[in-house]
Amino acid sequence: MVELLDFLHIDSVILAGHSMGAQVAGYVAAQFPQYIRGLALLDKSASGPVTRSEMPLQQIPALDPVTQDWPLPFASLSDAQRYIREALDSELSSQYFLSSLTETSAGYQMMFSSQAMAANMAYNVDWYSLLPEIVCPVLLVRAKHNEAVPDKDYYRMQELIPNCIAFEMSHPHHNVYLGNPEEFYSCFDQLLQQVRG
């Protein structure tokens, strides 16, 4: 990410990360603070195992827990749409995965790598220690009553982030920026105001 910013000659950014991307964004903000003027951590806890798996990447089974039982690749887009809408519990979740489809010569596949998803889980570790190192303003957002960020983790993260704006959405969807865009962007505006000073 930092190499991309350097290549594009971008000195600083406001960085937003959702779910797994929030952890990546947190690492960047802690380790390269000179690049990050503001940070949004969206529906991701800093909890994780204390130690990571030592299994080599090539030995980690390429299984994403959500899609591992899906009949991928789908023969047609209509097959994919029908299956995904039946498999998931909300239109928001369905839209997320439908947006992640790509057409290949074998049929419709997910754009994301199941290997990367599995590796992220296998190598995931607790990252609370990074939070005090994040010096820019931080917007911490979680979905209402969602298991992704339990109360204990949510309050601990707020305590550890030096300049934290915390917000709980009024809906339970993990895709916090989609469930109620007006509500989400009103809290995101608070981050922008902090960054502008």
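Residues numbered from 1 in each chain as written. Predicted model: local features only at pLDDT ≥ 70, side-chain atom pairs only at ≥ 80, totals over all residues. Heavy atoms only, no water.

Comments concerning the sheet that holds strand β6 (residues 164-168)
What links the strands of a sheet is backbone hydrogen bonding, and the strands pair in either a parallel or an antiparallel sense.
And then number 1: One open sheet holds the four strands; their spatial order is β1-β2-β5-β6, and the pairing between them is parallel. If you trace the sheet from one side to the other, it starts and ends with β1 (13-18) and β6, each paired once. When strand polarity is set aside, the average angle formed by the axes of neighbouring strands in this sheet is 15°.
And then number 2: Examined bridge by bridge, strand β2 (residues 36-42) and strand β5 (residues 138-142) share four bridges and lie parallel to one another. Of the residues in β5, the one forming a bridge with Ala-40 is Leu-139.
And then number 3: Along the sheet face, helix α8 (residues 181-196) touches β1, β2, β5 and β6 and points at about 155° away from the line of β2. (Pairing = 2+ DSSP bridges. Helix = DSSP H or I, 4+ residues; strand = E, 2+ residues; numbered from the N terminus. Axes fitted to C-alpha atoms, helices over the stretch in contact; angles between N-to-C directions. Contact = heavy atoms within 4.5 Å.)

Thoughts on the pattern of salt bridges
And then number 1: Using the criterion set out here, one finds six salt bridges in the structure.
And then number 2: As a salt-bridge pair, Glu-91 and Arg-85 come within 3.2 Å of each other at their nearest N and O atoms.
And then number 3: Take Glu-91: its relative accessible area is 44%, and that puts it in the partly exposed class.
And then number 4: With a shortest N-O distance of 2.7 Å, Arg-142 and Asp-151 are connected by a salt bridge.
And then number 5: Connected via shared salt-bridge partners are Arg-142, Lys-144, Asp-151 and Glu-168. (Salt bridge = Lys/Arg side-chain N within 4 Å of Asp/Glu carboxyl O. Buried < 20%, exposed > 50% of the residue type's maximum accessible area, 1.4 Å probe, protein only.)

As for the side chain of Gln-23
And then number 1: Along the chain, the position of Gln-23 falls in helix α2 (residues 20-31).
And then number 2: By relative accessible area, which is 8% here, Gln-23 ends up buried.
And then number 3: Those residues in contact with Gln-23, other than ones at most four positions away along the chain, are Lys-44, Asn-124, Val-125 and Trp-127.

As for the packing of aromatic side chains
And then number 1: A full pass over the atoms with the stated rule returns 11 aromatic pairs.
And then number 2: Where Phe-32 meets Tyr-35, the ring centres are 6.3 Å apart and the plane angle is 75°; that geometry is what we call edge-to-face.
And then number 3: Ring plane angle 65° and centroid distance 5.4 Å describe the contact between Trp-70 and Phe-97, whose orientation is recorded as edge-to-face. Residue Trp-70 is located in the loop between β2 and α3 (77-87), and its partner Phe-97 is located in helix α4 (residues 91-99); the two are separated by 27 residues in the primary sequence. (Phe/Tyr/Trp six-rings, centres within 6.5 Å; stacked < 30°, edge-to-face > 60°.)

Here's the deal with the pairing of strand β4 (residues 107-110)
And then number 1: Judged from the four bridges that link them, strand β3 (residues 101-104) and β4 form a sheet pairing that is antiparallel. Bridge pairing in β4 links Thr-102 to Gln-109.
And then number 2: With antiparallel pairing between neighbouring strands as the criterion, β3 and β4 make up a hairpin whose turn holds two residues.

Observations regarding a nonpolar patch on the surface
And then number 1: Taken together, Leu-4, Phe-7, Leu-8 and Ile-10 make up a surface patch of nonpolar side chains, about 410 Å² in accessible area.
And then number 2: Mapped onto the fold, Leu-8 is located in the loop between α1 (2-7) and β1.
And then number 3: For Leu-8, a relative accessible area of 44% translates into the label partly exposed. (Patch = residues over 30% accessible without salt bridge, like charges linked within 9 Å, V, L, I, M, F, W, Y side chains within 5 Å. Areas by Shrake-Rupley, 256 points an atom, 1.4 Å probe, with all protein chains shown as cover.)

Describing the pairing of β5
And then number 1: Among the five residues that make up β5, five are buried, leaving the element largely enclosed by the rest of the structure.
And then number 2: Burial along β5 is two-sided: the residues Val-138, Leu-140 and Arg-142 and Leu-139 and Val-141 are all buried.
And then number 3: Here five bridges tie β5 to β6, and the two strands are oriented parallel to one another. Paired with Arg-142 across the bridge in β6 is Glu-168.
And then number 4: Crossover β5 to β6 through helix α6 (residues 151-160) is right-handed. (Right-handed = clockwise from strand over helix to strand, strands pointing away.)

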